[in-house]
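Remarks on the overall topology
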Amino acid sequence: MTQKKSGNGAGRTTAEAFEIKVGLAEMLKGGVIMDVTTPEQAKIAEDAGAAAVMALERVPSDIRRDGGVARMSAVSMIEAIQKSVSIPVMAKIRIGHIVEAQLLEVLGVDFIDESEVLTPADDQHHVDKHAFKSPFVCGCRDLGEALRRIGEGAAMIRTKGEAGSGNIVEAVRHLRQVNGDIRAIQALLPEELMARAKQLGAPVDLVRFVHENGRLPVPNFAAGGVATPADAALCRTLGAEAVFVGSGIFKSDDPESRARAIVRANTHWEDPAEVLAASRGLGAAMPGIEMETLAESERLSNRGW
Amino acid sequence: MTPSEVKRVGILAIQGDVEAHAAAIERVGAVPVPVLREKHLDEVDALVLPGGESTTIAKGLERLGLYEPLRAFGDSGRPLLGTCAGAILLSRVAENHPVETLGLIDAVAVRNAYGTQVDSFAAPADADSANGFAGLRCVFIRAPQLRDLSPEVEVLARVDGAPVLVRQGRVLACTFHPELGDDSRVHALLLGSVA
């Protein structure tokens, strides 16, 4: 079987098919996407105002603690979560795992996250996302990585941050890096774009798009380390168009209240009084990890190429 | 207000594709204004309820106490446009995971009527659609359908026979996303009905 058939017969993405994939990403803007591991948690997320849920077996902080190989979630668990909510359901596959992607497409998952949080299945290549009808989201640390993923067909980009750390510092670094890289490209002359594309390891047509439009060709969200309402508002302040929250909600003392508070802070990120009101009386946030204590080999954001 | 004055069109900014609507509003020569509070409604000539997640937007309307002010906005005769999630919120009642609605369009909205994202699609409006809308390219993203329309609801465009753009008084409901892409006909219609 050839790679061409990997996407359930959808074949290469036409401009129209890509527009429809990016369309759902547009609809998720201004939202909070929450990691959930059970239908009950999915319901709590929906009731709190989440714009989508990410169905996975263990939240990143547990994956980090348990070690071993982290794979796509059990099919029955994903199906149970799909049945429990009306908002879009996302799920994760291992980087480069074409068949896990096929399974999620058949399941009718609304967005596939080809994620560094799971153990990579391919240490050199990501999935050819153009070959699928389902839209994909991928993580990045800088503009070159973002444009490589978009070149492969990703319809949404998120920062990697450092998943399961409860520490926002990496997400901030990645947001500033991507947006700084974009500003630098805007300042270039047209004849300088090819050399920059070579330097970034990114397709030149996408570098040209960034030069002309001053933004990525797909929505740009934040993920990795969001634990408080203020963390969510910080990501929005730095230019993220929506926020993923992984371990931050269901590893905190009071998930219902924290989920509602993060949604509220995310909607009103430009209004400090609202973010303050959202931050009151939440109990303890998830415990965090100082980056210096994480060896390079333990950093999930180093996965992906 | 004099006709030469630039019109201000509010966009409910709880969640969704606010930015795409803002671009469409600018294309028809009006000024987009984000709306999150009741007082913001006093400053706009028309209002857009954008696409997004209707559950998320409904939770926000409830928290912000905006249901009654939005109904009053509709009753004031100022034009409204709801797209996708916005159309669900304008309807009389939402089925398939109900949310509280505004009741400004006398129809039933069936949520996710076509299925999940893999069933999302684009299609041209039917040839018998009202003046100017035949052939309009319509993008449907996890779209609802409008059913059980009362006689007061006028169908302006259909796709495969199903109503996709309807009007009741000065309220427009659209199950597709006219804000995606660069066709501004639906936003022009909204602006054209500003008194």
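Located above this text is the structure these notes cover.
Calculation criteria
- Residues numbered from 1 in each chain as written.
- Chains lettered and ligands numbered in written order.
- Predicted model: local features only at pLDDT ≥ 70, side-chain atom pairs only at ≥ 80, totals over all residues.
- Heavy atoms only, no water.
- Buried < 20%, exposed > 50% of the residue type's maximum accessible area, 1.4 Å probe, protein only.
- Helix = DSSP H or I, 4+ residues; strand = E, 2+ residues; numbered from the N terminus.
- Contact = heavy atoms within 4.5 Å.
- Axes fitted to C-alpha atoms, helices over the stretch in contact; angles between N-to-C directions.
- Left-handed = near helix turned anticlockwise from the far one by under 90°.
- Nonpolar A, V, L, I, M, F, W, Y, C, P; charged D, E, K, R; others polar.
- Phe/Tyr/Trp six-rings, centres within 6.5 Å; stacked < 30°, edge-to-face > 60°.
- 1 Å grid on protein atoms, 1.4 Å probe; cavity = no way out; pocket = protein on both sides within 12 Å on 5 of 7 lines; lining within 4 Å.
- Points joined across faces, edges and corners; volume = space filled by probe spheres on them.
- Pairing = 2+ DSSP bridges.
- Parallel < 35°, antiparallel > 145°, perpendicular 65-115°, else oblique.
- Core = buried A, V, L, I, M, F, W, Y, C linked by side-chain atoms within 4.5 Å.
- Buried area = accessible area lost by both parts, 1.4 Å probe.
- Salt bridge = Lys/Arg side-chain N within 4 Å of Asp/Glu carboxyl O.
- Polar contact = N/O pair within 3.5 Å; in protein donor to acceptor, adjacent residues only side chain to side chain.

Looking at helix α3 (residues 67–75) of chain B
Residue and element names in this part refer to chain B. Regarding α3, the residues found buried are Y67, P69, L70, R71, F73 and G74. Here the buried face of α3 lies against β3 (46–49), α2 (54–64), β4 (80–83) and α4 (85–90). G77, located one to two residues past α3, shows a positive phi value of around 90°.

Some remarks on the packing of helix α8 (residues 193–200) of chain A against helix α9 (residues 204–213) of chain A
The axes of two packed helices give the description: the angle between them and the distance between them. All names here are of chain A. As a packed pair, α8 and α9 sit with axes 9 Å apart at the nearest point and diverge in direction by 115°. Relative to α9, the crossing made by α8 is right-handed. Along the contact surface, α8 presents L193, M194, A197 and L200, while α9 presents V204, V207, R208 and H211. Residues that form the contact of α8 with α9 fall into these classes: six nonpolar, one polar and one charged.

Some details on the packing of aromatic side chains
All chains considered together, the criterion is met by six aromatic pairs over all chains. A ring pair is formed by F221 of chain A and F244 of chain A, whose centres lie 6.3 Å apart and whose planes are at 50°; its orientation type is tilted. Of this pair, F221 of chain A sits in strand β7 (residues 220–221) while F244 of chain A sits in strand β8 (residues 243–245), placing them 23 residues apart in sequence. Classification of F221 of chain A as buried rests on a relative accessible area of 0%. Here the aromatic residues Y114, F121, F140 and F176 of chain B are joined through ring pairs into a cluster of three or more.

As for the layout of surface pockets
Within this model, the second largest pocket holds a volume of roughly 250 Å³. At the level of secondary structure, the elements contributing two or more residues to the lining of the second largest pocket comprise α2 (39–48), α12 (255–267) and α13 (272–279) of chain A together with α2 of chain B. Looking at the lining of the second largest pocket residue by residue, the class counts come to six nonpolar, four polar and six charged.

Things to note about empty space enclosed by the protein
Per the counting criterion, the structure on display carries three cavities of 30 Å³ or more. For the largest cavity, the calculated volume is near 180 Å³. For the lining of the largest cavity, the secondary structure elements donating two or more residues are β8 and α11 (247–250) of chain A. Residue classes in the lining of the largest cavity are distributed as eight nonpolar, eight polar and six charged. Space inside the second largest cavity adds up to approximately 110 Å³. For the second largest cavity, the lining is made up of 15 residues, of which G52, E53, C84, N112 and R142 of chain B are closest to its centre. Contributing elements (two or more residues each) for the lining of the second largest cavity: α1 (15–27) of chain A together with α4 of chain B.

Describing the sheet that holds strand β4 (residues 111–115) of chain A
Residues and elements named next belong to chain A. Pairing in this open sheet of eight strands is parallel, and the strands run β7-β6-β5-β4-β3-β2-β1-β8 from one edge to the other. Either end of the sheet is taken by a strand with one partner, and the two such strands are β7 and β8. Note: strand β3 (residues 89–94) against β4, five bridges, orientation parallel. Counted as the bridge partner of R94 is S115 from β4. Packed on one face of the sheet, helix α5 (residues 98–107) meets β3, β4 and β5 (136–140) and runs near 165° to β3.

Details of the packing of α12 of chain A against α13 of chain A
Residues and elements named next belong to chain A. Put simply, α12 and α13 touch, their axes get as near as 9 Å, and they point 175° apart. On the basis of the axis angle, α12 is roughly antiparallel to α13. Touching A261, R264 and A265 of α12 are E274, V275, A277 and A278, all from α13.

Some words on the nonpolar core
In terms of nonpolar packing, the biggest core is built from 64 residues, with L49, L61, L165 and F176 of chain B touching the most fellow members. It is α4 of chain B that contributes the most residues to this core, five residues altogether. Contacts of L165 of chain B, omitting those with residues within four sequence positions, involve F133, E154, V155, L156, A157, L172, A173, C174, F176 and V186 of chain B. In this structure, F18, A52, F111 and L193 of chain A belong to the second largest nonpolar core, which totals 47 residues.

Here's the deal with the interface of chain A and chain B
Opposite the 34 residues of chain A that make contact, chain B presents 33 residues. Where chain A abuts chain B, roughly 2,600 Å² becomes buried across the two surfaces, and 53% of that area is made up of carbon and sulfur atoms. Area buried by chain A at its contact with chain B is led by I20, M27 and S86 of chain A, which between them contribute 26% of it. One can count eight salt bridges joining chain A with chain B. The closest approach of N and O atoms between E19 of chain A and R137 of chain B, which form a salt bridge, is 2.6 Å. Our enumeration of links across chain A and chain B arrives at 19 residue pairs in polar contact (both at pLDDT 80 or more). Elements supplying a minimum of two residues to the side of chain A that touches chain B: α1, α2 and α12 of chain A. Examining the composition of the side of chain A that touches chain B, we find that eight residues originate from one element, α1 of chain A, more than from any other. Counted by class, the side of chain A that touches chain B contains ten nonpolar, ten polar and 14 charged residues.

Remarks on the pairing of strand β10 (residues 154–159) of chain B
All names here are of chain B. Summarising the sheet, β10 and strand β11 (residues 162–168) pair through five bridges and their orientation is antiparallel. Across the sheet, V155 pairs through a bridge with V166, a residue of β11. Hairpin geometry of β10 and β11 is characterised by an intervening segment of two residues between the two adjacent antiparallel strands and by a positive phi of about 50° at D160.

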